[in-house]
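# Structural description and commentary
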Amino acid sequence: MSQITGQTIALIAYFLAMILIGVWGYRKTQDYTDYMLAGRKLHPIPAALSAGASDMSGWLLMGLPGAIYAAGLVEGWIAVGLTIGQWLNWKFVAPRLRSYTEIARNSITIPSFFNARLAGTGRGLTITAGIITLIFFIFYISSQLVASGKYFESAFGWDYIWGMLLVAAIVVVYTFAGGFIAVAWTDMAQGLLMMTALLIVPVAVTIEVGGPGDVASLVNDQTLAGSGLANGLDPFGGLTIMAVLGAIGWGMGYVGQPHIVVRFMALRTPQDAIYGRRIGISWMILSVGGAILTAIVGIAYFRPDTNPLDDPETVFIALTAALFHPLIGGLILAAVLAAIMSTISSQLLVSSSALVEDVYSGITKKRMSRTGGVRAGRIAVLITAVVAALISITPNDTVLNLVGFAWAGFGSSFGPIVILSLFWKGLTARGAMAGMITGATIVIVWGNISGGIFDLYEMVPAFLTALLVTWLVSRMTPYAADIQEEINTEFDQAVRLTKVWDVDEAKAASGRHLDADGNVIERSPRTSGPTNPPTV
């Protein structure tokens, strides 16, 4: 069996499995909350694994192994920062966000939660945050489609455009049909595939080379000094304070990533976050560990001094092609596509919810009905996918470079507001808006300047400054007493329900902001007079 034939059979089986999960999700989806949040009934296992898979994208199988292959184990510190950041996210943010988003008007997006958390005074904040989400994610999705097109171009010799369109079509099919349920479960399957592949490859290469001792000897060979691998297996070799702060900065960004924290909102109860944390961090340690080991054994197998790879980021793909039967190799290589597709589907759905829930509903003040919301969500998925695909027709480095800004942009714009929303009663809409604008601005400016202090990852100064600005402006723009009292009462209730969940109390709390017709009651920052938006 030829290499191409084996890979083709494996990919067809993989694609069919993803589509079948989409059909199953379609049958499970009954209303708008099901489509956007799986009805808040998501088991912690798919929640945890899908959060990891949608987060890592192709970086886990290509970016991280490639960096370590090129420069040594010192490049692995970013993985440490990400793992710590994700643990903190699951430990402190997940349970309270799950509780608070339900009692605060049953919010199904982060921007709509900001408005609900602020007693209906942050509609402008919601619209702005929704637009930011939409713009960032359209380019982020586009970059992943570019990666998928290049994958088919290099692996199968296809024309770039057909590979890109094939992946776009399949992801749209299962996301359009099954919504969040399909996205979560396909991401779980893709996460398991990624982890398995990253554990199998280094074991197989180690056996092929002769054992762990031979791998270590080859990697630490002094003749590699001129290839950028002088540090070998020394994780502290060449480590700088900038690198350490940068790794911490990547971890800080987790709290502001909409496509990750939405998994917390979909959990069955706040207590599920405990189980989810254990599963998610275990997956992350195994997967990141496998990626690091893949790079190490890759150094031993493709020696940079005698048999170097043209592109270090292809070390995982090259090892798979060299050692495995075409059919098995095809299944393992499907992990690369799984990493890309899991990110696309998650970001596609979050973009859809931003367009429908935050931008459209925010501007028109029209609320989505049970069936109308599902229909609008599916239309938004199509619109978002078409726009991203059009941008991707011609690969553009400018688009790809925006991915680096997206993580810092979301982390710095939304992260401080999420933290203060959950842990400080004094947050105001004006403070949140000022912090969000500050975070986004610093990321854009800082990221376009180099040299000296500006070599520090932009997340660190942007996040800390946005946090400070949000706090200061909130202190200077307090709410009227009646609104602040309502916020305080709801805040205390969210904290209590985080510890002891009560379904009936949560449902009653989420309904207290609704009028007799089920419409959300909006309020101005200084008064308590309601306005009743119509339902569509």
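Cut-offs used in this document
- Starting from 1, residues in each chain are numbered consecutively following that chain's sequence as written.
- Given that the model is predicted, a residue must reach a pLDDT of at least 70 before its local features are reported, and side-chain atom pairs must reach 80 or more before they are shown or counted; all residues, however, enter totals for whole chains, interfaces and linings.
- Working from all heavy atoms in the structure, the side-chain values ignore hydrogens and water.
- Labels follow the DSSP assignment, with helices taken as runs of H or I lasting at least four residues and strands as runs of E lasting at least two, numbered in each case from the N terminus.
- Only protein chains enter the accessibility calculation, which uses a 1.4 Å probe. A residue is then buried if its area is under 20% of the maximum for its type, exposed if over 50%, and partly exposed in between.
- All accessible-area figures derive from a Shrake-Rupley calculation using a 1.4 Å probe, and residue coverage is judged against the displayed protein chains alone.
- Among the buried residues, those of types Ala, Val, Leu, Ile, Met, Phe, Trp, Tyr and Cys that are joined through side-chain atoms within 4.5 Å form a nonpolar core.
- Residue contacts are defined here by distance: any two heavy atoms, one from each residue, within 4.5 Å place the two residues in contact.
- A side-chain nitrogen of Lys or Arg and a carboxyl oxygen of Asp or Glu constitute a salt bridge if their distance falls within 4 Å.
- In this analysis, a patch consists of residues with relative accessible area above 30% that form no salt bridge, clustered at 9 Å for like charges and at 5 Å for the nonpolar side chains Val, Leu, Ile, Met, Phe, Trp and Tyr.
- Comment: axis = line fitted to C-alpha atoms, over the contacting stretch for helices; angle = value between 0 and 180 degrees taken between N-to-C directions.
- These descriptions rest on fixed angle ranges, namely under 35 degrees for roughly parallel, over 145 for roughly antiparallel, 65 to 115 for roughly perpendicular, and the rest for oblique.
- Under the grouping applied here, Gly and all other residues not named as nonpolar or charged are polar, the nonpolar ones being Ala, Val, Leu, Ile, Met, Phe, Trp, Tyr, Cys and Pro and the charged ones Asp, Glu, Lys and Arg.
- For Phe, Tyr and Trp, rings pair up if their centres lie within 6.5 Å, where Trp contributes its six-membered ring, and each pair is then called stacked (planes under 30 degrees apart), edge-to-face (over 60) or tilted (otherwise).
- The criterion is that NZ of a Lys, or CZ of an Arg, lies within 6 Å of the ring centre and within 35 degrees of the ring normal, and then a charge sits over that ring.
- The predictor reports its confidence for every residue as pLDDT, a score running from 0 up to 100.
- Here a crossing is called left-handed whenever its near helix is offset anticlockwise from the far helix by less than a right angle, and right-handed whenever the offset is clockwise.
- For a helix, the expected span equals 1.5 Å multiplied by the residue count minus one.
- A residue counts as positive if it is Lys or Arg and as negative if it is Asp or Glu; His and the chain ends are not included.

## Topic: the overall build of the chain
Across its full length, the chain holds 20 helices and zero strands. Relative to its 536 residues, the chain shows a buried fraction of 58%. In the form shown here, the chain has an accessible surface area of approximately 20,200 Å², with 66% of it arising from carbon and sulfur atoms.

## Concerning the nonpolar core
Generally speaking, a soluble globular protein has its nonpolar side chains buried in company with each other. Ranked by size, the top nonpolar core spans 156 residues in total, and within it Leu60, Leu61, Leu97, Met194 and Met341 carry the most contacts. With sequence-adjacent residues up to four places away left out, methionine 341 is seen in contact with Tyr14, Phe15, Val167, Ile170, Val171, Tyr174 and Gln190.

## Thoughts on the pattern of salt bridges
If you walk through the whole model with that rule in mind, you get five salt bridges. Between lysine 425 and aspartate 492 there is a salt bridge; the shortest N-O distance is 2.9 Å. Here lysine 425 is found in the loop between α16 (397-423) and α17 (429-446), whereas its partner aspartate 492 is found in helix α19 (residues 481-499), with 67 residues between them in sequence. When its relative accessible area of 30% is taken as the criterion, lysine 425 is described as partly exposed.

## Considering a nonpolar patch on the surface
Taken together, the side chains of Val80, Ile84, Trp87, Leu88, Phe92 and Phe423 define a hydrophobic patch exposed on the protein surface, amounting to about 540 Å² of accessible area. Counting through the fold element by element, leucine 88 comes out in helix α5 (residues 77-103). Residue class for leucine 88 comes out partly exposed when judged on its relative accessible area of 39%.

## Digging into the packing of α5 against helix α12 (residues 272-301)
Taken N-terminus to C-terminus, the directions of α5 and α12 make an angle of 170 degrees; their axes are 9 Å apart at the nearest point. By the angle between their directions, the pair α5 and α12 is classed as roughly antiparallel. Between α5 and α12, the residues in contact are Ala79, Leu82, Thr83, Gln86, Trp87, Trp90, Lys91, Ala94 and Pro95 and Ala273, Gly276, Arg277, Ile281, Met284, Ile285 and Val288, respectively. Residue composition of the contact of α5 with α12, by class: 11 nonpolar, three polar and two charged.

## Examining the packing of aromatic side chains
All chains considered together, the criterion is met by 18 aromatic pairs. For the pair tryptophan 446 and phenylalanine 454, a centre-to-centre distance of 4.7 Å together with 55 degrees between the ring planes defines the contact as tilted. Over the face of the ring belonging to phenylalanine 176 we find arginine 378, whose NZ or CZ atom lies 6.0 Å from the ring centre.

## Points about the confidence of the model for the chain
Chain-level statistics for the chain give a pLDDT mean of 85 and a share of 90% at 70 or above. The secondary-structure element of the chain with the lowest mean pLDDT is helix α20 (residues 503-511), recorded at 80, while helix α18 (residues 459-476) shows the highest, at 95. Confidence drops under a pLDDT of 50 for residues 526-536, and excluding neighbours within four residues, the segment shows 31 contacts in the predicted structure.

## Quick notes on the environment of valine 203
For valine 203, the location among the structural elements is in helix α8 (residues 160-209). With a relative accessible area of 49%, valine 203 lands in the partly exposed category. Considering only alpha carbons, one finds valine 203 and glycine 290, 87 residues apart in sequence, at a separation of 9.3 Å.

## Focus on the packing of helix α4 (residues 63-71) against α12
Two numbers describe how α4 lies on α12: the axes approach to 8 Å, and their chain directions differ by 40 degrees. One finds that α4 runs oblique with respect to α12. By crossing handedness, the relation of α4 to α12 is classed as right-handed. Residues Leu64, Pro65, Ile68 and Tyr69 of α4 lie in contact with α12, whose contacting residues are Val288, Ala291, Ile292, Ala295, Gly298 and Ile299. Here the contact of α4 with α12 is composed, by residue class, of nine nonpolar, one polar and no charged.

## Some points on α18
For α18, which comprises 18 residues, the first-to-last C-alpha distance of 26 Å matches the rise-based estimate of 26 Å (1.5 Å per residue) to within 8%. By the burial criterion, the buried members of α18 are Met459, Val460, Pro461, Ala462, Phe463, Ala466, Thr470, Val473 and Ser474.

## Quick word on the side chain of arginine 277
Along the chain, the position of arginine 277 falls in helix α12. Within the buried core, arginine 277 has no salt-bridge partner, and the shortest N-O distance to an opposite charge, that of aspartate 272, equals 11 Å.

## With respect to unusual backbone geometry
Of note, the phi angle at asparagine 106 is positive, near 55 degrees, even though the residue is not glycine. When you line up the elements, asparagine 106 lands in the loop between α5 and α6 (110-117). Its identity as a non-glycine residue notwithstanding, alanine 119 has a phi of 60 degrees, on the positive side. Within the fold, alanine 119 resides in the loop between α6 and α7 (123-156).

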